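Residue-level structural notes
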Protein chains: 2
Amino acid sequence: MATLAQHQHSPDDTIHGHGLRMTGQRRAVYDVLMGERNHPTAVEVFTKVRGQVPNISLATVYNCLETLTDCGLVKIVTHERGPSRYCPNLEEHAHFFCDSCGEVSDLPLRARKRPQDVWEVPENITISHHQVAFRGECPKCAKKKNLKSEARNLKSK
Amino acid sequence: MATLAQHQHSPDDTIHGHGLRMTGQRRAVYDVLMGERNHPTAVEVFTKVRGQVPNISLATVYNCLETLTDCGLVKIVTHERGPSRYCPNLEEHAHFFCDSCGEVSDLPLRARKRPQDVWEVPENITISHHQVAFRGECPKCAKKKNLKSEARNLKSK
DNA sequence: CACCTTATCAAGAACAATTCCTATTTAAGT
DNA sequence: ACTTAAATAGGAATTGTTCTTGATAAGGTG
């Protein structure tokens with residue numbers, strides 16, 4: 001239901017469809033997420049949103065993020081013990097977390113593939129969601145490290 | 001390296017290989033994990049372990065779990081905002097979390113399959129780990145629900 | 001428009017899971 | 001036995017998040 005809504009309606013309509021109001025705070029939080037596509041944490045959203053709504057509280061940001069996820073407008077992304085992050089990309093995708101710089105990026109699902117193709121899911125189990133996280137090193141960080149080790153090699157000569 | 005170790009050595013040797021000692025506390029924690037294959041939380045391990053080592057502290061259990069994971073003897077499993085769980089199954093596998101009863105079970109990787117087959121991972125990214133979680137309803141809970149709705153149907157006749 | 005009802009919000013307290021700190025105990029290596 | 005480093009118990013501290021409360025605002029109704 002919510003998934004359909006996003007293709008057809010504005011976020012306002014989606015929220016109204018859930019019997020809720022699109023308040024200034026909710027809009028500001030949503031707009032920050034749509035602007036920042038780097039999976040910000042609640043606190044990061046909070047500081048950004050303060051630019052628009054100067055005296056919004058952190059609790060309200062959490063509330064807004066919760067209602068937005070409940071309405072299906074954003075997805076919540078968790079990783080190990082770190083703080084939750086929020087993501088307005090509603091297409092099916094996995095996440096990649098760079099261990100050195102901490103950046104998070106989206107990895108799209110390949111066409112006509114399903115996670116069940118890779119893991120043995122007993123068929124009497126009903127899957128409603130899946131969350132897939134990869135960890136490793138992003139190209140930027142790999143490059144940095146290479147430069148460093150080159151420098152070391154030059155020095156040791 | 002740690003992965004190899006588990007096939008060749010006892011946990012003691014693996015720990016020694018990391019320059020650490022196999023203490024009573026560590027062994028007790030490890031034994032609980034090997035016994036309880038249902039992905040216990042730190043607190044659950046703590047209460048079980050107290051049977052063997054009556055005055056072990058929760059902090060020590062956390063420490064032991066950390067060293068065991070560092071040595072590659074157990075894996076840490078996180079799910080949404082819930083507490084971390086620990087798993088001595090070192091084979092590659094995903095996890096299934098039942099939304100109704102909370103049970104966690106292992107889903108093995110299919111032979112000759114890799115997660116990269118399903119998600120588009122740019123090749124200049126190096127993957128070191130992945131964590132895959134499915135959510136849904138386990139067969140037991142599905143059966144229970146069916147019985148309930150049958151009962152309802154009978155009543156309404 | 002006045003009134004009622006409910007949703008929403010800010011602020012701070014409370015909470016759960018985990019980590020940190022410190023003094024004490026234990027074990028290994030001389 | 002002596003020295004040194006590792007490991008532990010216990011409690012305090014931290015982090016991220018949720019809960020509570022009273023105030024505010026916004027729709028809907030007569």
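Structural data are supplied above this passage.
**Considerations on the overall build of chain A**
Counting its regular elements, chain A contains six helices and five strands. Along the chain direction, N to C, the helices and strands of chain A fall in the order α-α-α-α-α-β-β-β-β-β-α. Residue burial in chain A is summarised as follows: out of 157 residues, 38% are buried. Roughly 9,400 Å² of accessible area belongs to chain A as shown, and the carbon and sulfur atoms make up 51% of that amount.

**Concerning the relation of the copies chain A and chain B**
The two chain copies are related to each other by a rotation about an axis together with a translation along it. Note on the copies: chain A fits chain B at an RMSD of 0.1 Å, the axial shift is 0.1 Å, and the rotation between them is 179°. The two molecules are tied by a two-fold rotation axis, judged by turn and shift. Closest to the rotation axis within chain A is the C-alpha of Val132(A), separated from it by 2.2 Å. Looking at the interface residues of chain A, 100% of them are also at the interface in chain B, so both copies use one shared face.

**Structural notes on the packing of helix α4 (residues 42-50) of chain A against helix α5 (residues 58-70) of chain A**
Residues and elements named next belong to chain A. Packing of α4 against α5 brings their axes to within 9 Å, and their N-to-C directions diverge by 110°. The angle between the axes of α4 and α5 places the two elements in the roughly perpendicular class. Crossing handedness for the pair α4 and α5: right-handed. Packed against α4, whose contacting residues are Ala-42, Val-43, Val-45 and Phe-46, the element α5 presents Leu-58, Val-61, Tyr-62 and Leu-65 at the interface. Per-class residue counts for the contact of α4 with α5 are eight nonpolar, no polar and no charged.

**Some words on the pattern of salt bridges**
Scanning all chains against the criterion turns up 14 salt bridges over all chains. Arg27(B) is the salt-bridge partner of Asp12(B), the closest N and O atoms lying 2.4 Å from each other. One end of the pair, Asp12(B), is in helix α2 (residues 11-17); the other, Arg27(B), is in helix α3 (residues 24-35), with 15 residues separating them in the sequence. The partly exposed category is assigned to Arg27(B), whose relative accessible area is 30%. Among the salt bridges present, the one from Asp99(B) reaches Arg135(B), with a minimum N-O distance of 3.0 Å. Linking Asp99(B) in the loop between β3 (93-98) and β4 (104-108) with Arg135(B) in strand β5 (residues 126-137), this pair joins segments that are 36 residues apart in sequence. According to the relative accessible area criterion, Asp99(B) is partly exposed, its value standing at 44%. Within the structure, one salt-bridge network assembled from shared partners comprises Glu80(A), Asp99(A) and Arg135(A).

What counts and what doesn't
Numbering of residues starts from 1 in each chain and follows the order in which that chain's sequence is written. Labels follow written order: the first chain is A, the first ligand is 1, and so on. Where local features are concerned, this predicted model is filtered to residues with pLDDT of at least 70; where side-chain atom pairs are given and counted, the filter is 80 or more; whole-chain, interface and lining totals use all residues. Note that water and hydrogens are dropped before the side-chain values are worked out from all heavy atoms of the structure. Helix and strand definitions here come from DSSP, where helices need a minimum of 4 consecutive H or I residues and strands a minimum of 2 consecutive E residues; each element is numbered from the N-terminal end. Throughout, exposure labels follow a simple rule: accessible area from a 1.4 Å probe, protein chains only, divided by the maximum for the residue type, with under 20% read as buried, over 50% as exposed, and the rest as partly exposed. Note on areas: Shrake-Rupley, 1.4 Å probe, and residue coverage restricted to the protein chains presented here. Alignment of copies: least-squares fit on C-alpha atoms of residues with pLDDT of at least 70 in both copies. Only heavy atoms matter for contacts: two residues are in contact if any of them lie within 4.5 Å across the pair. In this analysis an axis means a line fitted to C-alpha atoms, helices contributing only their contacting stretch, and an angle means the value between N-to-C directions, from 0 to 180 degrees. Note that the term roughly parallel is reserved for angles under 35 degrees, roughly antiparallel for angles over 145, roughly perpendicular for angles of 65 to 115, and oblique for everything else. Should the near helix be turned anticlockwise from the far one by less than a right angle, the crossing is termed left-handed; should it be turned clockwise, right-handed. Gly is put with the polar residues, along with every residue not named as nonpolar or charged; the nonpolar set is Ala, Val, Leu, Ile, Met, Phe, Trp, Tyr, Cys and Pro, and the charged set is Asp, Glu, Lys and Arg. The rule for a salt bridge is simple: a side-chain nitrogen of Lys or Arg has to be within 4 Å of a carboxyl oxygen of Asp or Glu.

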